[in-house]
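Listed below are the residues making up each chain.
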Amino acid sequence: MAGHEFFEPADRKRQVADPTATPRAAEEPCHSCDPAFRHGVVVGFDGSTSSERALAYAIGMAHRSGSGLIIVHVANRLPTTVWAGCEPPVFVDVPDHRTEVLGLELACADYLAEVPWILVERGGDICHELEEVGREYSADAIVVGSTHGIVGRIFGSVAGRLARRAQRPVIVIP
């Protein structure tokens, strides 16, 4: 079973309250995700070598546990201004057609035939979005690839930041 879930900005808006509806109890959770993937494995994927290794591990983990695989691609954010010390930069979500390409590649991949999976596109901070998807799906774990290079050393790796802030197990694949 394979599937794709592409979130458009309109999907992320909150619903307007219906004045004719009866109010829900405060403790009643609102789950917008597919229940077939609850308690699945979330994996960050961008097509890089390290994310491909993380995906391979996550596939095995989902297969062994009999759960679904939630593949998350976080679209790039670009600064609209250069930070000169006066004001912090403003970031804009840039349409990222890479998710569609990744989705087509994944749909054709034989190695995903053994587990049910979906592809979720998000925009924003990678750590925040991976943890948010993990929370929405009540994921058992988040799997990410390690960051190599100078960018990870200067700004901190996604895996390191995620491991410090996540509310669920984070597995970092070298």
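Residues numbered from 1 in each chain as written. Predicted model: local features only at pLDDT ≥ 70, side-chain atom pairs only at ≥ 80, totals over all residues. Heavy atoms only, no water.

## A word on the pattern of salt bridges
Summed over the entire model, instances satisfying the criterion amount to six salt bridges. E129 is the partner of R122 in a salt bridge, and the nearest nitrogen-oxygen pair spans 3.3 Å. When sorted by exposure, R122 lands in the same class as E129, which is buried. In this structure, the salt-bridge partner of E132 is R135, at a minimum N-O distance of 2.4 Å. (Salt bridge = Lys/Arg side-chain N within 4 Å of Asp/Glu carboxyl O. Buried < 20%, exposed > 50% of the residue type's maximum accessible area, 1.4 Å probe, protein only.)

## A few points about the nonpolar core
Counting 20 residues, the largest nonpolar core has V43, L55, L69, I71, L106, L112 and V143 as the members making the most contacts within it. Listing elements by their share of this core, those giving two or more residues are β1 (41-44), α1 (49-65), β2 (69-75), α2 (98-107), β5 (117-123) and β6 (141-145). Beyond its immediate sequence surroundings of up to four residues, L106 is in contact with F45, L55, I71, Y111, L112, W117 and L119. Ranked by size, the runner-up nonpolar core spans 18 residues in total, among them I70, I118, V144 and A166. (Core = buried A, V, L, I, M, F, W, Y, C linked by side-chain atoms within 4.5 Å. Helix = DSSP H or I, 4+ residues; strand = E, 2+ residues; numbered from the N terminus. Contact = heavy atoms within 4.5 Å.)

## So, the confidence of the model for the protein chain
Mean pLDDT over the protein chain stands at 75; residues scoring 70 or higher make up 64%. The lowest-confidence element of the protein chain is strand β4 (residues 91-93), averaging 50 in pLDDT; the highest-confidence one is β1, averaging 96. Of the regions scoring below 50 in pLDDT, residues 6-19 engages in eleven contacts with residues more than four places distant in sequence or in other chains. Counting interchain partners and residues more than four positions distant, the pLDDT-below-50 stretch residues 21-31 has three contacts. (pLDDT = per-residue confidence, 0-100.)

## A few points about unusual backbone geometry
One non-glycine residue, H39, adopts positive backbone phi at about 60°. Mapped onto the elements of the fold, H39 is located in the segment before β1.

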